[in-house]
Each structure stands twice: as structure tokens, then as C-alpha cells.
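The chain contents come next:
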Amino acid sequence: MTSEHMLAPFGVKTAGLLHHNLKEAALYQQAIERGEGEIAEGGPLVVKTGLHTGRSAKDKFTVRDDTSEDTLWWDNNAEMSPGNFEALWSDFREHLEGRELFVQDLFGGADPQNRIAVRVINELAWHNLFIRHLLRRPSDEELERFDPEYTIINLPSFKADPARHGVRSDTVIAVNFTKKLILIGGTAYAGETKKSVFTLLNYVLPERGIMPMHCSVNVGSDGDAAVFFGLSGTGKTTLSADPNRQLVGDDEHGWTKDGLFNFEGGCYAKMIRLSAKAEPEIHATTKKWGTVLENVVMDPETRELDLDDDTLAENSRGAYPIHYIPNIVEDGQCGPARNVVMLTCDAFGVMPPIAKLSTPQAMYHFLSGYTAKVAGTERGVTEPTATFSTCFGAPFMPRHPSVYGELLRRRLEETGATCWLVNTGWTGGAYGAGERMPIAATRALLNAALDGSLNTERYREDENFGFLVPMEAPGIETDILNPRSTWADPAAYDQQARKLAEMFRRNFEKFEAHVAEDVRKAAPGS
Ligand SMILES: Nc1ncnc2c1ncn2[C@@H]1O[C@H](COP(=O)(O)OP(=O)(O)O)[C@@H](O)[C@H]1O
Ligand SMILES: C=C(OP(=O)(O)O)C(=O)O
Ligand SMILES: [Mn+2]
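Residues numbered from 1 in each chain as written. Chains lettered and ligands numbered in written order. Predicted model: local features only at pLDDT ≥ 70, side-chain atom pairs only at ≥ 80, totals over all residues. Heavy atoms only, no water.

- As recorded in an unreviewed UniProt entry, the protein chain goes by Phosphoenolpyruvate carboxykinase (ATP) and comes from Parvularcula marina.
- In its Pathway (unreviewed entry) section, the UniProt entry covering the protein chain states "Carbohydrate biosynthesis; gluconeogenesis."
- Looking at the protein chain in UniProt, the text filed under Subcellular location (unreviewed entry) is "Cytoplasm". (UniProt positions renumbered as here; feature names shortened; annotations may be inferred.)

Here's what the structure looks like:
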């Protein structure tokens, strides 16, 4: 299907071949024929993204104009002048002239009342397949009267110019809320597109009293929903794919006063060292036709994957429609959360594997958004670095964190949901000395938390952080519950824990003026 006029309203004079709403098979064939990817044993499409194998957070800009001036949190969002955006847009249009393009019309948001209609225009067929997997597909009927409110144009071959566009490299993600337009150039990492839609919803939904969240969601057999907040790599995707619970979504959701809804229709899972034993549902998607494998290494002869090979990227990914996971909620909607879990991958080995949070503590940890990154590849460097990314997703939050924080408080008060902090990071010592928490242990603790059995156990108050740590849990060795007892040198634990508490306090200073006293008092050591 072609259309000569679709780009005319933008001022593009000569349209190239425009592939509008191609389905999976056609996009597959296009991707192969154009040399964008190769087929692996079992059928997945394997692609490489070159230089950028993760998001370019520092190359993301928002246009500062009348629309955004008073609504954006400018301390966190880099600004672009309207003039620079015009120059960029003009150069994008030139780049679009005569170009063969792939266009998908999709929804962001499973809730028909609260979704946005997005037209995604791609240079790469596999990017178009990716976003068709990740977002929600309109029915044929809905497509006929589809009216795209937002447009995202993604041209990896476009090179931005710092002098002309006011950017910092040849990579750009430019968000314009007035024009309802996002321009992505100079990167082929597919995650930029899905996180751009997330950014739009994070801007739009708070005005409707809906809390947008960087979280996964699943539902138990009696309809009890659980929300898993967490920064990249903390376990949202891994832990939400639970054979005993129905998956709603792995990364982005909204929480209305009535319930939860997925923004997406697909998942984007980390592939590096993915284990068939620990994560069977996700692993099975690597053998399915349709799955897009980004920067996964494959033997060119046998077409077998090597998920342990990190030569292309540590952040290798698999994108698949959510129905590739066996146990899902088809319509992407469910009731309100009964449990809210905040995931952290604490490479200092300080945080307990699970703790119960009061509402003010949950607010404190939500605004803090703590996780840790393990040391880089430099030899001999074993000290991890703490990352504080507010709302567990600062790069995607256009508004001030207090906006999202207040929505969280409202939802917690309405529902009385129980809040937990879960450490999927190190135990037995910090990174270098201890080891990462076994996935099976995290799952066992989560099961106990979600089915209510942890609620009846005995707790101690953590001496540094003040939250309640269970002293026993069904099917779990008691030792692991108290990180101090897993360290060879408990005094070293105390020192590390005090250091981390101090990092929390320093990070929180910028929020102190914006929160109620009970949240300030939830700080470690208060
Ligand atoms: N205890 C654990 N809990 C969750 N994930 C773990 C754990 N131990 C190791 N992992 C690994 O950490 C990564 C978590 O990544 P993922 O679930 O994709 O995070 P997110 O979706 O939050 O970005 C996966 O590669 C998973 O195999
Ligand atoms: C896709 C991403 O999200 P996450 O790692 O949280 O799954 C990303 O940050 O690029
Ligand atoms: Mn994820």
C-alpha cells in the first residue's frame, strides 16, 4: 500500500515509496531484502545497531516554548530553542525527500479513554516491525478512521549538527510538545522510539489525574495486581514474567483511580546471559518467528544464538508482542494495585532482599529512585556507583517529580496497597566480593509478599533505613534476609551501609522543599 500524500502536510515535496501499516510478514521480508537483518534458527530476526546499543539520554532535548515553559521540569530536561528545532525539522524534511519509508499507525495506551494515537515513520523496516510489536495495534476499523495526534520520525542515517541544531553530537532525540512531533536521528537503538511514546504519556496523563509509571505489572489468580517499579536492569521484565501470574506489561503503565493499564502491547527484554532455566518464558521467545533480536550474537553458519556473547552489546535485547508470553492479560488492563514493589539492584550489597515500606517510605524511595551500576570494564575497579533516578525513570519524566509523587500518594491512599523494596542486586558483600541475588530467591520472596504470607511474619526495623525487614520467610534461608549476616566482615557492612545512607540523604536534599514532613522523616537516620 502506498500513499503519495501522507508527508505532504509536512512540506515534503517528493515522497518515496511509503509502506503504510505493513504487517509482520511483509516487514520481515523487507528487512531481509534490504539487508537490515538475518534470520536465526527458529525464526527470529537478528539485527545490529552499530554504535548505539542503548539510549542516548544526554542527546534528548525538549523544545522550550509557551507550551512547555511552565510545565516542564527544566532541571532534568535539556532544552532546545524553537529556532534550533526549526532548523532540525527543515533538515529532517530534506532527508525525507524521496526516501522509502515505513509507517505504522498505533496507539500508546491500552485504555481506550486514555490512549494517544501515534504515527511512527521509520527509515528501517525492522524499526517499524519493532514498534508494531511494542505499541498497541488498532483494529481494522480503528485504522480506517485513524487520526494521528502525535508523530515520531526516526531516521538513523540522519546526522545532527551541533552548530546548526544546538545539540551535543550527531545523535538527537528532539521532543516538541507544541507540534506534537518527536524527531530521532543518528541512532539505531530501537528503544528510543518506545521511550519517546512513554515520554509523551508521562506528559499528558498527569493532567487527567492518571499516574504514568516506569514499571511492570502482573496479576494473581484472585485479581490482585502488583506493580514493579525499577530502573533499567533491576528486573521489571524478568520478574513480571511469572508463570503463576498473568502478565499485563513489562515496562510502562498508567494508574487511574479505577485500575492499571499497559501503555504497550509488547515487551523488550534483556538478552545477555538469559537463562532458559531461570527465565523460561522469555527464553522461549528467542526461538519464535517474529521476535526481533537486537545486538544478539549469532553463528552465521548454524544460525544458533549465543546469548552469553557480549561483543556487540551488554544491552542486547529481544522485542516481541506480549502474546509470545504464555500467561497474559489480553486487553492490557486490570484492577488497582494491591502491592507496589520497588526494585533496586544494589551492587553495594547493603539493601535487604526484601523490606516492607510505609507510605512515606515508599514516597521517599520513589522520589529517590535508587539503583547501582556495577564497575565498568576497567580491571581492578570494583567499587560500584550509586544511581539516583527520580520516579525510577528520570530520563522519561517531563514534569517535576513532585507531580508524579503526589499521584503516587493519592493512589496509595485510595487503595491501601502494600509497598515493598526488593533488592535484586548483591548479597554476601558488594560487587566483587558477593554475588548477585539468585532469581529463584527473589521470586520466592516476591511470591510470599504477594500472596500475603510475608505479612504475618516477624519483622525487624533496619537500623540504617528504618524499613521493616522480615526475619523469616517461607522456603527461604533466614540468613539471606539480613544482608549484614551475609558479609564476611559485619563491620565492613556497617560502614558501607552508612555510606549508602549518606548518599541517599545528600541526593534527597533537592526534594526536601517539595515534600510533606512525613516523607522527609522517612530518610535514613531521621
Ligand atoms: N535476582 C534477580 N532478579 C531479577 N533479575 C535478575 C536477578 N539476578 C539477575 N538478574 C538479571 O538482571 C536482569 C534484569 O533485567 P530486566 O528484567 O530486563 O530489567 P528491567 O526490565 O527492569 O530493565 C536480567 O538480565 C536478569 O537475568
Ligand atoms: C528499554 C529500556 O528500558 P528498561 O531497561 O527499563 O527495560 C531502556 O531504558 O532503553
Ligand atoms: Mn525491561
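From this point, the discussion proceeds with the structure in view.
## Remarks on the domain arrangement of the protein chain
Argument step 1. Looking at the protein chain, the domain boundaries give domain 1 (14–35 + 56–208), domain 2 (211–255 + 336–522) and domain 3 (267–324).
Argument step 2. Placing a centre on the C-alpha atoms of domain 2 and another on those of domain 3 gives a separation of 26 Å.
Argument step 3. Contact residues are listed per partner, giving 12 residues for domain 2 and 11 residues for domain 3.
Argument step 4. When domain 2 packs against domain 3, close to 760 Å² is buried across both sides, 60% of that on carbon and sulfur atoms.
Argument step 5. For the pair domain 2 and domain 3, the number of links is 0 salt bridges.
Argument step 6. Our count for the contact surface shared by domain 2 and domain 3 stands at 2 residue pairs in polar contact (both at pLDDT 80 or more).
Argument step 7. Among the secondary structure elements, those contributing two or more residues to the side of domain 2 that touches domain 3 are α8 (236–240), β13 (246–249) and α12 (439–450).
Argument step 8. Of all the elements, β13 adds the most residues to the side of domain 2 that touches domain 3, at 3 residues. (Domains from an automatic or database assignment. Contact = heavy atoms within 4.5 Å. Buried area = accessible area lost by both parts, 1.4 Å probe. Salt bridge = Lys/Arg side-chain N within 4 Å of Asp/Glu carboxyl O. Polar contact = N/O pair within 3.5 Å; in protein donor to acceptor, adjacent residues only side chain to side chain. Helix = DSSP H or I, 4+ residues; strand = E, 2+ residues; numbered from the N terminus.)

## Some points on the UniProt feature "binding site: Mn(2+)" (unreviewed entry) in the protein chain
Argument step 1. Taking the UniProt record as the reference, the feature "binding site: Mn(2+)" (unreviewed entry) is found at Lys195, His214 and Asp251. For this annotated set, covering 57 residues, all C-alpha atoms fall within 9.9 Å of each other, a compact arrangement in space. Taken from the residues named earlier, the lining of the largest cavity is made up of Lys195.
Argument step 2. Within the secondary structure, histidine 214 sits in strand β11 (residues 211–219).
Argument step 3. A relative accessible area of 2% means that histidine 214 is categorised as buried.
Argument step 4. A distance of 3.4 Å separates polar atoms of two side chains, one belonging to histidine 214 and the other to lysine 195.
Argument step 5. Structurally, aspartate 251 is set in the loop between β13 and β14 (252–255).
Argument step 6. Not counting residues within four places of it along the chain, the set of residues in contact with aspartate 251 comprises Lys194, Lys195, Met213, His214, Cys215, Ser216, Lys236 and Glu264.
Argument step 7. Among the polar contacts made by the side chain of aspartate 251, one reaches the side chain of lysine 194 at a distance of 2.6 Å. (1 Å grid on protein atoms, 1.4 Å probe; cavity = no way out; pocket = protein on both sides within 12 Å on 5 of 7 lines; lining within 4 Å. Buried < 20%, exposed > 50% of the residue type's maximum accessible area, 1.4 Å probe, protein only.)

## What about the packing of helix α1 (residues 24–33) against helix α4 (residues 125–134)?
Between two packed helices, both the angle of their axes relative to each other and the distance between the axes serve to describe the pair.
Argument step 1. Viewed as axis vectors pointing N to C, α1 and α4 meet at an angle of 150°, and their least axial separation amounts to 8 Å. Between α1 and α4, the interaxial angle falls into the category roughly antiparallel. The element α1 and its partner α4 pack so that their crossing is left-handed. In contact with Glu24, Leu27, Tyr28, Gln30 and Ala31 of α1, α4 contributes Ala125, Trp126, Asn128, Leu129, Arg132 and His133.
Argument step 2. Residue composition of the contact of α1 with α4, by class: 6 nonpolar, 3 polar and 2 charged. (Axes fitted to C-alpha atoms, helices over the stretch in contact; angles between N-to-C directions. Parallel < 35°, antiparallel > 145°, perpendicular 65-115°, else oblique. Left-handed = near helix turned anticlockwise from the far one by under 90°. Nonpolar A, V, L, I, M, F, W, Y, C, P; charged D, E, K, R; others polar.)

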